[in-house]
Amino acid sequence: MQKKRRQWVFCIYNNVAVGANYLIEKYKYKKIAIIDFDVHHGNGTQNIFYDNEKVLFISTHQYPYYPGSGSEKEKGDFNNVLNIPLEAGTSAEKYLNAYENVLNKVREFKPEFLLFSAGFDAHIDDPLAQLQLSSEDFYKITKRTLEISKSFCNGNVVSILEGGYDLKALQESTKRHVDALIEFD
Ligand SMILES: [Zn+2]
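1. Digging into the pairing of strand 4 (residues 113-118)
- Burial within strand 4 is extensive, with six of its six residues counted as buried.
- Because side chains alternate across strand 4, one face comprises the buried residues Phe113, Leu115 and Ser117, and the other comprises Leu114, Phe116 and Ala118, equally buried.
- Direction of pairing for strand 1 (residues 32-36) relative to strand 4: parallel, over a ladder of five bridges. Bridge pairing in strand 4 places Ile35 opposite Phe116.
- Pairing between strand 4 and strand 5 (residues 157-161): five bridges, direction parallel. Following the sheet pairing, Leu115 is matched in strand 5 by Val158.
- Viewed along the sheet, the connection from strand 4 through helix 4 (residues 135-149) into strand 5 turns out right-handed.

2. Some points on the packing of aromatic side chains
- Using the criterion set out here, one finds seven aromatic pairs in the structure.
- On the numbers, 6.0 Å between centres and 25° between planes, the contact of Tyr95 with Tyr99 is stacked. Taken together, the positions of Tyr95 and Tyr99, both in helix 3 (residues 92-109) and four residues apart, correspond to about one turn of that helix. The pair Tyr95 / Tyr99 is uniform in exposure class, with both members buried.
- Summarising the aromatic geometry, the rings of Phe120 and Phe138 are spaced 4.9 Å apart at their centres and angled 70° between planes, so their arrangement reads as edge-to-face.

3. Some points on the packing of helix 3 against helix 4
- In the contact formed by helix 3 and helix 4, the axes pass within 10 Å of each other and the chain directions differ by 20°. Comparing the axis directions of helix 3 and helix 4 gives the class roughly parallel. In this structure, helix 3 crosses over helix 4, and the sense of that crossing is right-handed. Side by side, helix 3 and helix 4 meet where Ala92, Tyr95, Leu96, Tyr99, Glu100, Leu103, Val106 and Arg107 of the first sit next to Asp137, Lys140, Ile141, Arg144, Thr145, Ile148 and Ser149 of the second.
- Considered class by class, the residues forming the contact of helix 3 with helix 4 number eight nonpolar, two polar and five charged.

4. Let's talk about the sheet that holds strand 2 (residues 55-62)
- Strand order in the open sheet formed by five strands is 3-2-1-4-5, and the pairing between neighbours is parallel. Because the sheet does not close on itself, it has two edges, and the strands there are strand 3 (81-86) and strand 5. Direction aside, neighbouring strands of the sheet carry axes that sit 10° apart on average.
- Along the sheet, helix 1 (residues 15-27) contacts strand 1, strand 2, strand 4 and strand 5; its crossing angle with strand 4, the most-contacted strand, is approximately 170°.

5. Details of the pattern of salt bridges
- Considering all chains together, one arrives at eight salt bridges under this definition.
- For Lys140, the salt bridge goes to Asp137, with nearest N and O atoms at 3.6 Å. One end of the pair, Lys140, and the other, Asp137, are both in helix 4, three residues apart, so they sit about a helical turn from each other.
- Using a relative accessible area of 33% as the deciding quantity, one classes Lys140 as partly exposed.
- With a relative accessible area of 4%, Asp137 lands in the buried category.
- With its nearest N and O atoms 2.6 Å apart, the salt bridge here joins Arg176 to Asp179. Of this pair, Arg176 and Asp179 both sit in helix 5 (residues 167-183), separated by three residues, roughly a single helical turn.

The rules behind the values
- Here the residue numbering is sequential within each chain, running from 1 through the sequence in written order.
- The model is predicted, so local features are restricted to residues of pLDDT at least 70 and side-chain atom pairs to those at 80 or more, both for listing and for counting; the totals for chains, interfaces and linings are taken over all residues.
- Hydrogen atoms and water are omitted, and side-chain values are computed over all heavy atoms in the structure.
- Partly exposed describes any residue whose relative accessible area lies between the buried limit of under 20% and the exposed limit of over 50%, with all areas from a 1.4 Å probe on protein chains only and scaled to the type maximum.
- What counts as a helix is a DSSP run of H or I of at least four residues, what counts as a strand is a run of E of at least two, and both are numbered from the N terminus.
- We treat two strands as partners when DSSP finds at least two bridges between them.
- Assignment of crossover handedness uses the view with strands pointing away from the viewer, where a clockwise path from the first strand over the helix to the second indicates a right-handed crossover.
- Aromatic pairing here means that ring centres of Phe, Tyr or Trp (its six-membered ring) are within 6.5 Å. Orientation follows from the plane angle: under 30 degrees is stacked, over 60 is edge-to-face, and everything else is tilted.
- For helices, the fitted axis covers only the stretch in contact; all axes are lines through C-alpha atoms, and the angles between them, taken along N-to-C directions, range from 0 to 180 degrees.
- Between 65 and 115 degrees an angle is taken as roughly perpendicular, under 35 as roughly parallel, over 145 as roughly antiparallel, and anywhere else as oblique.
- For a crossing to be left-handed, the near helix must be turned anticlockwise from the far one by less than a right angle; the clockwise case is right-handed.
- Any two residues whose heavy atoms approach within 4.5 Å are treated as being in contact.
- The nonpolar class holds Ala, Val, Leu, Ile, Met, Phe, Trp, Tyr, Cys and Pro. Asp, Glu, Lys and Arg form the charged class, and all remaining residues, Gly among them, are polar.
- Throughout this description, the term salt bridge denotes a Lys or Arg side-chain nitrogen within 4 Å of a carboxyl oxygen of Asp or Glu.

Structural data, given as structure tokens:
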């Protein structure tokens, strides 16, 4: 088991972790996938579920970068963590190729419920980080994720807004993400 470390975090409450635990405790779900596409590694979420085989945690993030964690070597006690570190300057094309690994892992895990940690700070206009996604790319990744997860968790999808520090990029990206969620049937 990973030693729980003290870490600096952006948020006081980890909404997606509260949601996942609620689904497990109250509705007895046994397989929940959390996809965290915020540009920062989801260190808090990873830490909370590192030793919980009911939760698959996947994070794509700039690396090395704040908060420092998120290497490929961090895999969870049940191989239930997948980190996809991406170097500063990673293009949208390269990101989308890497995202195939997210989709493969979701296919393999077959979640009953899917949660997005939807941060939009991997946008090219974001002042905090250096990945190069466009607003449209958030539509693409949402659409692809919903398509492949449809047969396991038909409609059981909740998305939770996280980072995004360029207001125009945040507005556009969120809209495109929600468009894909609305189109899902
Ligand atoms: Zn972030």
